[in-house]
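Here is how the chains run, residue by residue.
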Amino acid sequence: MFSDEPRSLPDWIERGYDILSTEITEGDHDEGIPRNRAREELVSHEDFPDDPADADYAVDQLLNSGWLYEVEGNLRVTIPEE
């Protein structure tokens, strides 16, 4: 059966979104942040696994799910929290 409801992501990937969206929207990053910077932010955060492969996977899932989007190599938040 087809559903147009948004699919949820695993908790640890949603935590990754929280970390990145805070960095992108509250930092001085009007143009977003590069993918390698996103990986560094996630791996160094205490609430996220410290394996770079996990960070890359989380970013890919966030992009594929539309939570983030990429412009000229920089990641941006689709709907910033206000």
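My aim in this report is to walk through the structure given alongside it, one point at a time.

Cut-offs used in this document
- Within each chain, residue numbers correspond to sequence positions counted from 1 in written order.
- Reporting in this predicted model follows two pLDDT cut-offs: at least 70 for local features of residues, and 80 or more for side-chain atom pairs to be given and counted; totals over whole chains, interfaces and linings ignore these cut-offs and use all residues.
- Think of the side-chain values as coming from all heavy atoms in the structure, minus any hydrogens and water.
- Put simply, two rings from Phe, Tyr or Trp (the six-membered ring, in Trp's case) pair if the centres are within 6.5 Å, and we call them stacked under 30 degrees between planes, edge-to-face over 60, tilted for the rest.
- Runs of H or I in DSSP of at least four residues are treated as helices and runs of E of at least two as strands, each being numbered from the N terminus.
- Burial classes: relative accessible area under 20% of the type maximum marks a residue as buried, over 50% as exposed, and values in between as partly exposed (1.4 Å probe, protein chains only).
- A 3.5 Å cut-off defines polar contacts: any pair of N or O atoms within that distance qualifies, except that in protein one atom must be a possible hydrogen donor and the other a possible acceptor, and neighbouring residues in sequence count only when both atoms are side-chain atoms.
- Should any heavy atoms of two residues lie within 4.5 Å, those residues are counted as being in contact.
- For two strands to count as paired, DSSP must find a minimum of two bridges between them.
- As used in this record, nonpolar core signifies buried Ala, Val, Leu, Ile, Met, Phe, Trp, Tyr and Cys residues forming a set joined through side-chain atoms within 4.5 Å.
- Think of each axis as a best-fit line through the C-alpha atoms, taken over the contacting stretch in the case of a helix, with angles from 0 to 180 degrees between the N-to-C directions.

Description of the packing of aromatic side chains
With the rule as written, the count across this model stands at three aromatic pairs. Note on Y17 and W67: the rings are 5.0 Å apart at their centroids and 90 degrees apart in plane angle, and the pair reads as edge-to-face. Here Y17 is found in helix α1 (residues 11-26), whereas its partner W67 is found in the loop between α3 (52-64) and β2 (68-71), with 50 residues between them in sequence. Residue classification places W67 among the partly exposed residues on the basis of a relative accessible area of 24%.

Some thoughts on unusual backbone geometry
A positive phi angle, close to 50 degrees, is found at E72, a residue other than glycine. A relative accessible area of 80% places E72 in the exposed class.

Some thoughts on the side chain of E23
Among the structural elements, E23 can be located in helix α1. A distance of 2.8 Å separates the side chain of E23 from the side chain of R37, its partner in a polar contact. Aside from chain neighbours lying at most four places away, what touches E23 is H29, I33, R37 and E41.

Regarding the pairing of strand β3 (residues 74-77)
Of the pairings in the sheet, the one linking strand β1 (residues 33-34) to β3 comprises two bridges and is antiparallel in character. Directly across from P34, in β3, lies its bridge partner N74. With four bridges connecting them, β2 and β3 associate as antiparallel partners. From the neighbouring strand, Y69 faces β3, where its bridge partner is R76. Where β2 hands over to β3, the hairpin turn is made up of two residues, of which E72 adopts a positive phi near 50 degrees.

Overview of the nonpolar core
Ranked by size, the top nonpolar core spans 17 residues in total, and within it L20, A38, L42, F48, V59, L62 and L68 carry the most contacts. Where this core is concerned, the elements lending two or more residues are α1, α2 (35-44), α3 and β3. The residues touching V59, leaving out its near neighbours within four places in the chain, are L20, R35, A38, L42 and L75.

Here's the deal with the sheet that holds β1
As summarised here, the arrangement of the three strands in space is β1-β3-β2, forming an open sheet in which the pairing is antiparallel. Both edges of this open sheet fall to β1 and β2, since each of them pairs with a single strand only. Here α3 sits on the sheet and contacts β2 and β3; the angle it forms with β2, its principal contact strand, is near 95 degrees.

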